[in-house]
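Residue-level structural notes
Listed below, chain by chain, are the residues.
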Amino acid sequence: ITQVYSQLAEFESSFSMVSKFGKIGYCRFDIWTRTGYGIPQWYYNLGEEATTPLSEIIGVYKHVHPEDRDYILKSIQQMKAGVIESFFKDLRITTAEGNKWTRINVIRNTMNDDPQKLDMICVNYDVTELKETEQRLIEATERAEEFNLAHILRKWESVLTGDTPY
């Protein structure tokens, strides 16, 4: 049994390192009682301290942009009503350190047979770098399109004014 505990501790340590390196968080909670367990990275991805009680996060989401918060709250209501089993969203998070993006995936844990519980699993991960790269690509594409359009207009102007052999 000591070997099992040792392996479990080693796995937990490794998982914690991978989670932090990959900016991936995990939380399992009961949606009715807002109690459960989350790893520190899950809290951090939502702009929270790891010591914050889940009851002050689930259903509150104080660091989440109001539009994104509304989406989460509506999705939770749909889950409570049995309309949906899962949802996902890219959230805009605001903290004292600045703004960031976190993608959440929330799913009902169907392994739980207790009708008094609505057991949820949430995986979140920081997608700030991805969103920043996406924005730079959009801006670069717009600049390229503007350059291309300006080039085409200059070419047609030359043709219309006779400043070209075309």
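This text gives an overview of the structure that appears in the document. Along every chain, residues carry numbers that run from 1 in the direction the sequence is written. Note on the predicted model: pLDDT of at least 70 is required for a residue's local features to be given, and 80 or more for side-chain atom pairs to be given and counted; whole-chain, interface and lining totals, by contrast, use all residues. Hydrogens are left out, water is left out, and the side-chain values use all remaining heavy atoms of the structure.

1. Let's talk about the state of the cysteines
Note that a disulfide, as used here, is simply two cysteine sulfur atoms within 2.5 Å. Tallying each qualifying case throughout the model produces zero disulfides. Not part of a disulfide, Cys27 finds its nearest cysteine sulfur in Cys122, a span of 6.6 Å. Working definition: with a 1.4 Å probe on protein chains only, accessible area under 20% of the residue-type maximum means buried, over 50% means exposed, and in between means partly exposed. For Cys27, a relative accessible area of 0% puts it in the buried group. Note on Cys122: relative accessible area 4%, which makes it buried.

2. Examining the pattern of salt bridges
By convention in these notes, a salt bridge is any Lys or Arg side-chain nitrogen within 4 Å of a carboxyl oxygen on Asp or Glu. Here the structure, examined in full by the defined rule, presents eight salt bridges. Where Arg92 meets Glu67, a salt bridge forms, and the shortest distance between an N and an O atom there is 3.2 Å. One end of the pair, Arg92, is in strand β3 (residues 86-95); the other, Glu67, is in helix α3 (residues 66-80), and 25 residues separate them in sequence. Here Asp68 ties to Lys89 by a salt bridge, and the two come within 3.8 Å at their closest N and O atoms. Placement of Asp68 in helix α3 and of Lys89 in strand β3 is noted, with a sequence separation of 21 residues between them. Helix numbers and strand numbers start at the N terminus; a helix is a DSSP run of H or I with at least 4 residues, a strand a run of E with at least 2.

3. Some words on the sheet that holds strand β4 (residues 98-108)
Adjacent strands of a sheet form backbone hydrogen bonds with each other and so pair up, either parallel or antiparallel. When DSSP finds at least two bridges between two strands, those strands are taken to pair. The antiparallel open sheet is built from five strands, whose spatial order is β2-β1-β5-β4-β3. Each edge of the open sheet carries a strand with a single partner, namely β2 (35-38) and β3. For this sheet the average axis-to-axis angle between neighbouring strands, irrespective of direction, equals 20°. In the sheet, strand β1 (residues 24-30) pairs with β2 via four bridges, with the strands oriented antiparallel. Its bridge partner being in β2, Phe29 is matched across the sheet by Gly36. Sheet strands touched by α3: β3, β4 and β5 (119-126). Its angle to β3, the strand with the most contacts, is close to 150°. The angle between two axes is taken between their N-to-C directions and runs from 0 to 180 degrees, where each axis is a line fitted to C-alpha atoms and a helix contributes only its stretch in contact. Any two residues whose heavy atoms approach within 4.5 Å at even a single point are treated as in contact.

4. Side note on the packing of aromatic side chains
Ring pairs shown here join Phe, Tyr and Trp side chains whose ring centres sit within 6.5 Å, with only the six-membered ring taken for Trp; geometry is labelled stacked below 30 degrees between planes, edge-to-face above 60, and tilted in between. For the structure shown, the criterion picks out two aromatic pairs. A centroid spacing of 6.1 Å and a plane angle of 75° characterise the contact between Tyr71 and Phe87, whose relative ring orientation is edge-to-face. Here Phe87 lies in strand β3 and Tyr71 lies in helix α3, a separation of 16 residues in the sequence. On the basis of relative accessible area, Tyr71 is assigned to the partly exposed category, the value being 32%. Residue Phe87 is classed as buried on the basis of its relative accessible area, which comes to 6%. Here the guanidinium or amino end of Lys89 rests over the ring plane of Tyr71, the centre of that ring lying 5.3 Å away. Criterion for a charge above a ring: Arg CZ or Lys NZ at most 6 Å from the ring centre, at most 35 degrees from the ring normal. Between Lys100 and the ring centre of Tyr44, over which it is positioned, the NZ or CZ distance is 3.8 Å.

5. As for α3
Given the number of residues in a helix, its expected span is that number minus one, multiplied by 1.5 Å. Its 15 residues give α3 an end-to-end C-alpha distance of 21 Å, which sits within 8% of 21 Å, the value for a rise of 1.5 Å per residue. Structurally, α3 contributes buried residues whose contacts are with β3, β4 and β5. Once α3 ends, the next one or two residues include Gly82, with phi positive near 80°.

6. A look at the nonpolar core
If you look at the biggest cluster of nonpolar residues, it comprises 23 residues, and the most contacted ones within it are Phe29, Trp42, Ile72 and Ile104. When contributions to this core are tallied by element, the ones reaching two or more residues are β1, α2 (40-45), α3, β3, β4 and β5. Buried Ala, Val, Leu, Ile, Met, Phe, Trp, Tyr and Cys residues that are joined via side-chain atoms within 4.5 Å together make up what is termed a nonpolar core.

7. Looking at the side chain of Gln41
Secondary-structure assignment places Gln41 in helix α2. The exposure class of Gln41 is buried, given its relative accessible area of 11%. Definition of a polar contact: a pair of N or O atoms within 3.5 Å, with one able to donate and the other able to accept a hydrogen when the atoms are protein atoms, and with sequence-neighbouring residues admitted only if both atoms are side-chain atoms. A polar side-chain atom of Gln41 sits 2.8 Å from a polar atom in the side chain of Asn45.

Purely geometric numbers; function is a separate question.
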